[in-house]
Amino acid sequence: EPEVTQTPSHQVTQMGQEVILRCVPISNHLYFYWYRQILGQKVEFLVSFYNNEISEKSEIFDDQFSVERPDGSNFTLKIRSTKLEDSAMYFCASSGTVNTGELFFGEGSRLTVL
Amino acid sequence: RKEVEQDPGPFNVPEGATVAFNCTYSNSASQSFFWYRQDCRKEPKLLMSVYSSGNEDGRFTAQLNRASQYISLLIRDSKLSDSATYLCVFYSGSARQLTFGSGTQLTVLP
């Protein structure tokens, strides 16, 4: 069964460092997303990406965040200068169509900022 | 009013019990509704879509009431493996994003 894969599964970093989280969406999907979940809290939307550009982004997705699809398979989330409050589980998701809301999530990358 | 409100639980029920969760939403422009399931420290997984006419998938039944702006999930004959957090989710075409509720925690006891 096709799946979304994410690396790393866990990253520990110092405050102020740059972090790149990587995702390989399902191969024939066209819409890509990043969500995050702070421990004990709800899943929050960060950004959606389609046709090599950002479609939507939330208030959380400020200038410290960026996304990129550097090649035909990877989809990355970069946090330029991490803060303590960026500690969370980051989920990548993809979907084949946009208006259904049926997303396939990766297993997540846990980011711990010290 | 929060966009999506769910009873956080926890719901602790014995195996074989029937349990129901409700979820209310405030955005009347919401187009599509879903129940996702999230196991502890895992990713959300789509459980089922929710249609106005109601829909059933095995032991699971979902209902949508647009007039009252709530959706529900009924689980019959609960199994130990049903233990998880159930997330109420809606999709807004205008915002083009999923909005998640905080989830309702279910524990099925032997």
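Above this text you will find the structure in question.
Residues numbered from 1 in each chain as written. Chains lettered and ligands numbered in written order. Predicted model: local features only at pLDDT ≥ 70, side-chain atom pairs only at ≥ 80, totals over all residues. Heavy atoms only, no water.

1. Remarks on the overall build of chain A
Our working definition: Strands are runs of DSSP state E lasting at least 2 residues, helices are runs of H or I lasting at least 4, and numbering of each runs from the N terminus. When we talk radius of gyration, it's over C-alpha atoms, and the globule rule is simply 2.2 Å times the number of residues to the 0.38. The contact rule is simple, with two residues in contact once any of their heavy atoms fall within 4.5 Å. Using a 1.4 Å probe, accessible areas were evaluated by the Shrake-Rupley method; residue-level cover was limited to the displayed protein chains. Residues counted as positive are Lys and Arg, residues counted as negative are Asp and Glu, and His and the chain ends are not counted. Charged side chains are reduced to one point each, which is NZ for Lys, CZ for Arg, CG for Asp and CD for Glu.
Tallying secondary structure elements over chain A gives 0 helices and 11 strands in all. Secondary structure of chain A in N-to-C order comes out as β-β-β-β-β-β-β-β-β-β-β. Its C-alpha atoms give chain A a radius of gyration of 13 Å, within 12% of the compact-globule value 13 Å for 114 residues. Within chain A, contacts between residues separated by at least 24 positions form 53% of all contacts whose residues are at least 6 apart in sequence. Roughly 5800 Å² of accessible area belongs to chain A as shown, and the carbon and sulfur atoms make up 46% of that amount. Positive and negative side-chain charges in chain A, numbering 9 and 15 respectively, have mean positions lying 5 Å apart.

2. Some details on the interface of chain A and chain B
This is how the line gets drawn: Here's the idea: put two parts together, see how much 1.4 Å probe accessible area each one loses, and the total over both is what we call buried area. The salt bridge criterion pairs a side-chain nitrogen of Lys or Arg with a carboxyl oxygen of Asp or Glu, the two atoms within 4 Å. Pairs of N or O atoms within 3.5 Å make up the polar contacts considered here, provided that, within protein, one atom can donate a hydrogen while the other can accept it, and that residues adjacent in sequence are counted only when both atoms are side-chain atoms.
On the chain B side, the residues contacting the 21 residues of chain A number 19 residues. Interface of chain A and chain B: buried area, both sides summed, is about 1700 Å²; carbon and sulfur atoms make up 51% of it. A per-residue breakdown of the area chain A buries against chain B is headed by Lys42, Glu56 and Phe105 of chain A, which together make up 26% of the total. The tally of links between chain A and chain B comes to 0 salt bridges. Linking chain A with chain B are 3 residue pairs in polar contact (both at pLDDT 80 or more), by the criterion used here. Mapped by element, the contributors of at least two residues to the side of chain A that touches chain B are strand S4 (31-37), strand S5 (43-50), strand S6 (53-57) and strand S9 (88-95) of chain A. Ranked by the residues each element gives to the side of chain A that touches chain B, the list is headed by S5 of chain A, at 3 residues.

3. Points about the packing of aromatic side chains
All names here are of chain B. Note the following rule: Only Phe, Tyr and Trp rings are paired, with Trp represented by its six-membered ring, and only when their centres lie within 6.5 Å; those with planes under 30 degrees apart are stacked, over 60 edge-to-face, the remainder tilted. Buried residues are those whose accessible area, probed at 1.4 Å on protein chains only, stays under 20% of the maximum for their type, while exposed residues exceed 50% and partly exposed ones sit between those limits.
Per the stated rule, a full pass over the model turns up 18 aromatic pairs over all chains. Between Phe21 and Tyr86 the ring centres are 5.4 Å apart and the planes differ by 35°, which places this aromatic pair in the tilted class. Of this pair, Phe21 sits in strand S3 (residues 19-25) while Tyr86 sits in strand S9 (residues 84-92), and the two are 65 residues apart along the sequence. Residue classification places Tyr86 among the buried positions, given a relative accessible area of 0%. An angle of 45° between the planes, with centres 4.7 Å apart, marks the rings of Tyr25 and Phe33 as tilted. The residues Tyr25 and Phe33 share a single accessibility class, namely buried.

4. Examining the side chain of Ser109 of chain A
All names here are of chain A. In this fold, Ser109 is placed in strand S11 (residues 109-113). We classify Ser109 as buried; its relative accessible area is 1%. Here Pro8 takes part through its backbone oxygen, which lies 2.6 Å from a polar atom of the side chain of Ser109.

5. Side note on unusual backbone geometry
The omega torsion across Thr7 of chain A and Pro8 of chain A is -10°, close enough to zero to call that bond cis. With respect to the helices and strands, the residue Pro8 of chain A is situated in the loop between strand S1 (5-7) and strand S2 (10-13). We note that Asp77 of chain B has phi near 50°; this positive angle belongs to a residue other than glycine. By the element assignment, Asp77 of chain B lies in the loop between strand S8 (70-75) and S9.

6. Here we look at the sheet that holds strand S1 (residues 4-6) of chain B
Residue and element names in this part refer to chain B. Going by this rule: Should DSSP find at least two bridges between two strands, the strands are taken to pair. For every element, the axis is a line fit to its C-alpha atoms; helices are fit only across the contacting stretch, and the angle between N-to-C directions ranges from 0 to 180 degrees.
Sheet architecture is open: 5 strands sit in the order S1-S3-S8-S7-S6, paired in antiparallel fashion. A strand with exactly one partner marks an edge of an open sheet, and here the two such strands are S1 and strand S6 (55-57). Looking at each pair of strands side by side, their axes are set apart by 20° on average, direction ignored. Pairing of strand S7 (residues 60-65) with S8 involves 6 bridges; the strand directions are antiparallel. Within S8, the residue paired with Gln63 across the bridge is Ser72.

7. Here we look at the state of the cysteines
Residue and element names in this part refer to chain B. Just so we agree on the cut-off: When two cysteine sulfur atoms are found within 2.5 Å, that pair is recorded as a disulfide.
One pass over the structure, following the stated rule, counts 2 disulfides over all chains. A sulfur-sulfur distance of 1.9 Å marks the disulfide that ties Cys23 to Cys88. When the S-S torsion is -70°, as for the bridge of Cys23 with Cys88, the disulfide is left-handed. Note that Cys23 is positioned in strand S3 and Cys88 in strand S9, a separation of 65 residues in sequence. Since its relative accessible area comes to 3%, Cys88 is described here as buried.

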